[in-house]
Amino acid sequence: MSLFAAQIYPGQGLGFLVLGASLHDILTRLKAEPQRFPKLDLVYEYTSPVKEPVVLNLPTNGLRLRFDGPQQRLRLIEVLDFTKSQLTYKDKDVLRPPSAAQTASVQPEILSGPTFRHIYNRLLGPTFPGEYIQPETGDETGMGVYVLSYPGIAFTFPLSGSSWSPKKDVVSLLSSSTSYPASSMAIFKGDSWPDARERLYVQTVDPRDTFAAIFKGKEPVADEVRLVRIHGEGHLEVVRPDAVPPFWIKLGLTSPQELVAVLGPPDAIYRKNDQRMSIHKARPASRTYSRTDERLQDDSTDTDQSSAHTATDDSDEGNEDGEVAGNVSGECFYNYFYHGFDILISTPAAPSQCPPSKKPANPEGIVPTDAPSRLVASKVILHGNVPGSYPFNRHRRCRWEIVYLKPGKGQDVVNSESAFEEVEERLHQEWKSIYKNTEEAKVRQRGMVLNRDWGDSPGSSCELLGGWEESVGGKRTNPSGTEDVRGLGNTTLFGFPGLVFEVLKNGTTMPVRPAKSWSSTLRLPKSSFPPRPQPADQPKYLKRCADDLYEWQSRERAAQKPFLLHDGPPYANGALHIGHALNKILKDVICRVKVQQGRRVVYVPGWDCHGLPIEIKALEKQRELHKDEEGVLDAVGVRQAARSLAAKTVKEQMKGFREWGVMADWDKAWTTMDKGFEIKQLGVFQEMVKKGLIFRRYKPVYWSPSSRTALAEAELEYKDDHVSMAAYVKFPITSVPEGLKGKLPDGQLYAVVWTTTPWTLPANRAIAVHHDLEYSVVESGSDLLLIASTRLPQLTGMLFGETEVELVLDSLRGSDLVGAQYVNVLRGKESVPQPVVHADYVSAESGSGLVHMAPGHGMEDYDVCTPLGIKADAPVNDLGCFTSSALPDDPQALEGKSVLDDGSSEVLKILGDKVLAVHKYKHKYPYDWRTKLPVILRATEQWFADVGSVKDHALSSLEEVRFIPEGGRARLESFVKGRSEWCISRQRAWGVPIPALYNEDGVAVLTDESVAHIIPIINERGIDAWWTDSQDDRAWVVPGLEGQYRRGTDTMDVWFDSGTSWTQSDQRADVYLEGTDQHRGWFQSSLLTYVSASGREGAPFKTCITHGFTLDQNGKKMSKSIGNIIAPRQIVDGSLLPPVKTKKKTSGPISQALGPDALRLWVATSDYTRDLIIGQPVLQFNHTALLKYRMTLKMLLGSMHPSARTAPITKLDQIALAQLQTVMAEVASSYDNFEFYKGINAINKWINSDLSAFYLEAMKDRLYCGDGGGVVEEIFHGVLRMLTPITPILVQEAWDHRPEWMKAEPQIHPFHRTLDDPIISPNRTVRDDNLLTDLPWLLNANTAVKTAQEEARGKKIIGSSLESSVVLQLPSQALGVFERYADELETIFVVSSVKSDGEVEGAWKYCCDFDVPGGKGTAWVVPPEEHKCPRCWRYVAPVEDELCRRCEEVVSVS
């Protein structure tokens, strides 16, 4: 047997087993593959085959399918044995081999399913907490099950009762190596199994497209028939999907060709001589009754053929003699199995007479057939399709209604769901006028046997059958244990003009509808709120919740001191990414929380527009636009192109931010390229010049050859696996201090240095040792080598190999070596003695203990050498290539060679035997953050800001700052402490110029006066004039300077640009919020410029918040090259989630788009203080939560009534209000502490546990059937309050859909409410000191009741919880608690009645223990004692089919 291989589609199906498909469709497919599905076991309730669910077992495949009785649609797919089918989810195997520990400790059959880890980590990800079902009473194994539920799919895990506790971490419990794999899996429609199971068999399922979904690749079938309306006179209206007009069949007129044109070819054609047509044989000539009354047309009673003789041939032979549908040569039946009816094609017969209450008419759309047509539709047979017909498996169930039987007072439409007694009575009343007397009526309407030619009706007719006509032969066991219950032998047929009814004689009945429908008396939820956002409405909601709200709070709270959130400007380079969304939405949520707290918010967005990336991108774009043109853009052209690109990007990014619902003062948005911003930036620069904090110096800086500019520390990235060519090199020592001369042996002494950058050796100007280290002299050949003593064991093998080395001198202190001199042979003729000096950073942890110093290529080297008068030299140009001065004796040998490519190897080649060893060295190395290429340290003339003079002030200003997370304080302080200078000059055209003037000798002039002179000129002429004006324009030269001066071309570091953005506000910002990388970037530059030039105390921010980076679901950094980038638009439009399949043929799949709120909710649910994971599992979790919000709001909106305000407040209402107040306080506290994810977690827990599963579940009876009271309105306002900062579009949408009676009242908009505005009216609050202490005990009991009910439900004892009553057995200490709520316990537990300490009696009973004051209590679930009320469905009615007392009172009032 080949395994059943199928893909899992949660909420949709398993392979071709599609939820919503008919039993006929499923059986047809299964029977077509007997090798894969060798055994089909159909189980149905004998006494109620149509009312109760139908179960189809596939034991060979480990599957069980459940269908509802009335429509026989697939509602539930269960996998009971994972080893018997090959199941996959998104192409990942569901079943994985168990661990060795599991195999050794657990029975093999228990190990058939996937592990929790596999489901949680690889398949579906995290979900809401599940539920635990306690082990059955007397179960020796003590094994219960834990149900892990996802939207549309659930898994059960065996779990020992001794291991389970609600307080335990279920993830850890089920992830342990000794835990059991899943024992079963269920696929269903619904957000979770607890939500879905209550309405599994009663929810409306639109069946369209299910047939096509199962039989992929076949020709599309005709639109499924939904209903057949019988109008009398042989007129039948065939109703199909909404968009398809009805089709009219006129018996005696409609031709086969018309049937085929509309309904498609029949599934089979049976002629009258076919053995399968034995039930359709013609009637004999004899008659048992005749009459001549003109009121009755010719008819007779047939007695020779019983339906019990029906053949059971299951073949589908083709039409004989090449006969095709629509071109028949004789009488036959057209069998439309898919639609659920057969049509007899025969010669025209006399039409059925018109019902007495109906006027003869020709319904619209019925056109007589052509006269030459000799065959027409003369009968339609509608099939009931109860399970007994499935061995033959020919028909699906057809729905019908008799239109001409008009419903009267207390009467419903007669249809396929009506009890036969009601149908018979109504038809008797309709047709009684055509009979002479009661005796004739009795004869004409008596029981009969079936003859398909005409039955007991005159002429052509419509027959309505129960569907057991094919169940013959073989025995069946009934519930009492007796056998020989046969098929149609248990049926009786009754006839009326044009109609034949088949009635089951053995007590089985169709679903019985009550004599009166009470639906009109129910107060069912009604709301215009859509289940999903309507795209057409989104723009207006965005405007109201963003622009309008910002304008309102600015206007109405203008007198207040504002809450200022200063924008860390995003870089205007490229499209928005998920990091932008995280940053901007976090800021927006903070602003909305502050508005809700009653503050006036000021948030003016900004953009960082200068710098190299924009310049490079602009140049690339220009090259693309002008491919055929030669030449290079000058500085002015570069600036124009960069400005244009930045302006375009700002416009695009602003549009994106606003589409996310970010509220801000967009009209006042600033950019660093605005003239006003640049003037203020230059003012800050002038103030720093005035204080002597700006200077120019030739010193090493980070230089990017790929960008051809100096870089600041904040512009670097460090690569941990960079590989360098390292070398040990010896320099000849020419002299030693006097104290060593007598100690050293004869011979040439060399100092051995180790370097990872051999290309810097031409710039070597000193060798460093440490005072306190000990050094040794070893002899190798004729050379004496100086090496740190502790490094000798590690270096001997590398430097000397197997050559013997003699230790000549030991224990030389580094302090004795200071003052020695050596020669750098690379300097050739220019070589001069160079010193050996002390440096604190020298150690013996690596290398040789002697450090090669090139002050032109190392900052530490520069700091040591400069005070000693050793000048820096850097023979490397802007491109990172050697200049001619690198090797004076042979300039061409190194000139032009890249120091990062072959520079090191060329230098070592020149050194020759001075190189002792060469090796590869992997280490951390700086890279240009823009080009992602290595940088070098290179001495150049640069402008610097003196950080050392202000760092103490900067550090002290942070003492009063709040950091979130707190670790941000140490991180920012470490960056400030670690720098003394800040290189602020850049050799690029696109930026703010450093306003320095240079004389003919290149000497710079930068004074307070010169800058003060230049700023007004820039303000007047524009900043581009710095480049466009002629160089001899004296207007730029401060009066008093003589000689020729030119304007410098260096621009300021972009961190200086954005770091001065605090000038855009007159007050200190309440919050700065950016990514964690900004501790060394914007946070630091803002702090340094602020304390240097603002003249204000403290830091520029009161609170500094940092967020992490976004990672994919595997924890990897997002990268275009990897292909794991997620764009914000994909979250907004739902394209990352599988689409919802549409049920309409005229439209495509339904998008999962939930709008910007989906993106906002992801941000709010994330702990932003660490790196954030984003992927489909996380998004699906939030998507489900957002849908839950919508469903909850729709329920609340539809359940609010003005009468509820005056209805009494019950204990249950008080509990709900207490829970609401608790969660609102928790959420408000979390929001205030910027812990939004904790607030959302609290909301989700409250909605799922306290609101949906507890209060609303308990309130349904009161809302629908009772006085409609409760505190739904208060809860509605509370939900909106908590969601307002997070999902404002949803809140606005819900507010727009509030009931009309609420719109007519003056109410405060949720956006305008502050936390001080009461949600709960004081007169609605009843103080009960016992409530909060009693609540945990009540919830314990409620959980126990649900657990016991689930056990009964699992054994098919009950369906709805109302089908049970509860008996509580309590210790004496707990009686008082539950007695206080005695009148409402049945409502709280959602059962029909509750007794305390009563007798536990009933045909069945299940129990569960729970904690109460004084010990343990027991909740017993037992059968209800009363009858079911047909209106509210509670089992509290005194008499069967009569209303309960409460419903009687409600109905009488209404």
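Small disclaimer: the values here were computed from a predicted structure and weren't measured.

A. Here's a closer look at the sheet that holds strand S11 (residues 143–150). With antiparallel pairing, 8 strands are arranged side by side in an open sheet as S4-S5-S6-S7-S13-S12-S11-S10. Because the sheet does not close on itself, it has two edges, and the strands there are strand S4 (41–43) and strand S10 (131–133). The average angle at which neighbouring strand axes cross in this sheet is 20 degrees, direction not considered. Here 3 bridges tie strand S7 (residues 74–79) to strand S13 (residues 184–187), and the two strands are oriented antiparallel to one another. Residue pairing across strands places Ile77 opposite Ile187, the latter belonging to S13.

B. Summary view of the packing of helix H29 (residues 1176–1199) against helix H31 (residues 1236–1264). Across the interface, H29 lies against H31 with an axial gap of 11 Å and an inter-helix angle of 35 degrees. Handedness of the H29/H31 crossing: left-handed. Of the residues in H31, those in contact with Ala1185, Lys1188, Tyr1189, Thr1192, Met1195, Leu1196 and Ser1199 of H29 are Ile1240, Ile1243, Asn1244, Ile1247, Asn1248, Leu1251, Ser1252, Leu1256, Lys1260, Leu1263 and Tyr1264. Classifying every residue of the contact of H29 with H31 by side-chain character gives 11 nonpolar, 5 polar and 2 charged.

C. Summary view of the pattern of salt bridges. For the structure on display, the rule yields 59 salt bridges. The residue Arg988 makes a salt bridge to Glu615 at a minimum N-O spacing of 3.0 Å. Linking Arg988 in the loop between strand S45 (985–986) and strand S46 (997–999) with Glu615 in helix H13 (residues 612–625), this pair joins segments that are 373 residues apart in sequence. Judged by its relative accessible area of 3%, Glu615 falls in the buried class. Here Asp1213 ties to Arg1262 by a salt bridge, and the two come within 2.8 Å at their closest N and O atoms. In this pair, Asp1213 sits in helix H30 (residues 1211–1232) while Arg1262 sits in helix H31, placing the two residues 49 residues apart along the sequence. The buried category is assigned to Asp1213, whose relative accessible area is 0%.

D. Region of interest: the sheet that holds strand S30 (residues 694–704). In space, the 4 strands of this open sheet follow the order S31-S30-S42-S44, with antiparallel pairing throughout. In the strand order of this sheet, the two ends are held by strand S31 (709–711) and strand S44 (981–983), each with one partner. Adjacent strand axes in the sheet meet at a mean angle of 65 degrees, parallel and antiparallel pairs treated alike. In the sheet, S30 pairs with S31 via 3 bridges, with the strands oriented antiparallel. What sits directly across from Ser704, in S31, is Thr709.

E. Just helix H20 (residues 899–911), in detail. The end-to-end C-alpha separation of H20 is 16 Å, well short of the 18 Å expected for 13 residues at 1.5 Å each. Considering only its buried residues, H20 is in contact with strand S32 (716–735), strand S41 (915–928) and strand S42 (936–946). Directly after H20, the chain includes Gly912, whose backbone phi takes a positive value near 60 degrees.

F. Looking closely at the nonpolar core. Judged by nonpolar contacts, the single largest core of 153 residues is most densely connected at Tyr1189, Tyr1255, Ile1275, Phe1276, Leu1368 and Phe1378. Considering each element in turn, this core owes the most residues, 14 residues, to H31. The residues contacting Phe1378, other than those within four sequence positions of it, are Trp1337, Leu1338, Ala1341, Leu1368, Leu1370, Leu1385, Phe1410 and Val1412. Core analysis: the second largest hydrophobic core is formed by 62 residues, Leu955, Trp982, Ile1023 and Ala1099 among them.

G. Main features of helix H35 (residues 1331–1354). Its 24 residues give H35 an end-to-end C-alpha distance of 34 Å, which sits within 8% of 34 Å, the value for a rise of 1.5 Å per residue. Looking at the residues trailing H35, positive phi occurs at Lys1356, about 65 degrees.

H. Representation of unusual backbone geometry. Cis geometry marks the peptide bond from Ile964 to Pro965; its omega dihedral reads -5 degrees. Relative to the helices and strands, Pro965 is located in the loop between strand S43 (962–964) and helix H22 (967–977). Located in the positive-phi region is Ser811, a residue other than glycine, with phi close to 65 degrees. Along the polypeptide, Ser811 turns up in strand S37 (residues 806–813). At Val1390, a residue that is not glycine, the phi angle is positive and equals roughly 55 degrees. Locating Val1390 in the fold gives a position in the loop between helix H37 (1385–1389) and strand S55 (1394–1396).

I. Inspection of the packing of aromatic side chains at higher detail. Applying the stated criterion to the full structure yields 28 aromatic pairs. Here the aromatic rings of Trp1062 and Tyr1090 are separated by 5.2 Å at their centres, their planes lie at 85 degrees, and the arrangement is edge-to-face. You can see Trp1062 sitting in the loop between helix H25 (1054–1059) and strand S50 (1069–1075) and its partner Tyr1090 sitting in helix H26 (residues 1082–1093), a full 28 residues away along the chain. With relative accessibility at 7%, the residue Trp1062 sits in the buried group. For the pair Tyr1168 and Phe1236, a centre-to-centre distance of 6.3 Å together with 35 degrees between the ring planes defines the contact as tilted. With a gap of 68 residues between them, Tyr1168 in the loop between helix H28 (1156–1165) and strand S53 (1172–1173) and Phe1236 in helix H31 connect regions that are remote in the sequence. Side by side, Tyr1168 and Phe1236 carry an identical accessibility label, which is buried. Ring pairs connect the aromatic residues Tyr1072, Trp1082, Phe1083 and Phe1101, which therefore count as one cluster. Over the ring of Tyr750 we find Lys730, and its NZ or CZ is 4.6 Å from the ring centre.

J. How the structure looks around the side chain of Thr671. Summarising the element assignment, Thr671 is placed in strand S29 (residues 670–671). The exposure class of Thr671 is buried, given its relative accessible area of 8%. Polar contacts involving the side chain of Thr671 include one to the side chain of Asp674, which spans 2.7 Å.

K. Examining the state of the cysteines more closely. Throughout the structure, instances matching the rule amount to 0 disulfides. Here Cys1432 stays free of any disulfide, with the sulfur of Cys1429 as its closest cysteine sulfur at 3.6 Å. We classify Cys1432 as buried; its relative accessible area is 6%.

L. Quick peek at a negative patch on the surface. A contiguous patch of negative charge, built from Glu1440, Asp1441, Glu1442, Glu1448 and Glu1449, is present on the exposed surface. One can find Glu1449 in helix H38 (residues 1445–1453).

M. Seen up close, the packing of H30 against H31. Remark: H30 packs on H31, axes separated minimally by 9 Å, with the N-to-C direction vectors making an angle of 170 degrees. The orientation of H30 with respect to H31, classified from their angle, is roughly antiparallel. When its residues are assigned to classes, the contact of H30 with H31 shows 16 nonpolar, 3 polar and 5 charged.

N. Examining the environment of Cys865 more closely. Its location among the elements puts Cys865 in helix H19 (residues 859–865). The sequence separation of Cys865 and Met853 amounts to 12 residues, and the corresponding C-alpha distance is 8.4 Å. What Cys865 contacts, discounting residues up to four positions off in sequence, is Ala766, Met853, Pro855 and Ile870.

O. Structural detail: the pairing of strand S36 (residues 783–788). Here S36 lies mainly inside the structure; 6 of its 6 residues are buried. Where burial is concerned, the two faces of S36 agree: the one with Asp783, Leu785 and Ile787 and the one with Leu784, Leu786 and Ala788 are both buried. With 6 bridges joining them, strand S35 (residues 774–780) and S36 adopt antiparallel strand pairing. The residue bridging Ser780 from the neighbouring strand is Asp783, located in S36. Connecting S35 to the next strand, S36, in antiparallel fashion are 2 residues, including Gly781 with a positive phi near 65 degrees.

The rules behind the values
- Residues numbered from 1 in each chain as written.
- Predicted model: local features only at pLDDT ≥ 70, side-chain atom pairs only at ≥ 80, totals over all residues.
- Heavy atoms only, no water.
- Pairing = 2+ DSSP bridges.
- Helix = DSSP H or I, 4+ residues; strand = E, 2+ residues; numbered from the N terminus.
- Axes fitted to C-alpha atoms, helices over the stretch in contact; angles between N-to-C directions.
- Left-handed = near helix turned anticlockwise from the far one by under 90°.
- Contact = heavy atoms within 4.5 Å.
- Nonpolar A, V, L, I, M, F, W, Y, C, P; charged D, E, K, R; others polar.
- Salt bridge = Lys/Arg side-chain N within 4 Å of Asp/Glu carboxyl O.
- Buried < 20%, exposed > 50% of the residue type's maximum accessible area, 1.4 Å probe, protein only.
- Expected span 1.5 Å × (residues − 1).
- Core = buried A, V, L, I, M, F, W, Y, C linked by side-chain atoms within 4.5 Å.
- Phe/Tyr/Trp six-rings, centres within 6.5 Å; stacked < 30°, edge-to-face > 60°.
- Lys NZ or Arg CZ within 6 Å of the ring centre and 35° of its normal.
- Polar contact = N/O pair within 3.5 Å; in protein donor to acceptor, adjacent residues only side chain to side chain.
- Disulfide = S-S within 2.5 Å.
- Patch = residues over 30% accessible without salt bridge, like charges linked within 9 Å, V, L, I, M, F, W, Y side chains within 5 Å.
- Areas by Shrake-Rupley, 256 points an atom, 1.4 Å probe, with all protein chains shown as cover.
- Lys, Arg positive; Asp, Glu negative; His and termini not counted.
- Charge placed at Lys NZ, Arg CZ, Asp CG, Glu CD.
- Parallel < 35°, antiparallel > 145°, perpendicular 65-115°, else oblique.

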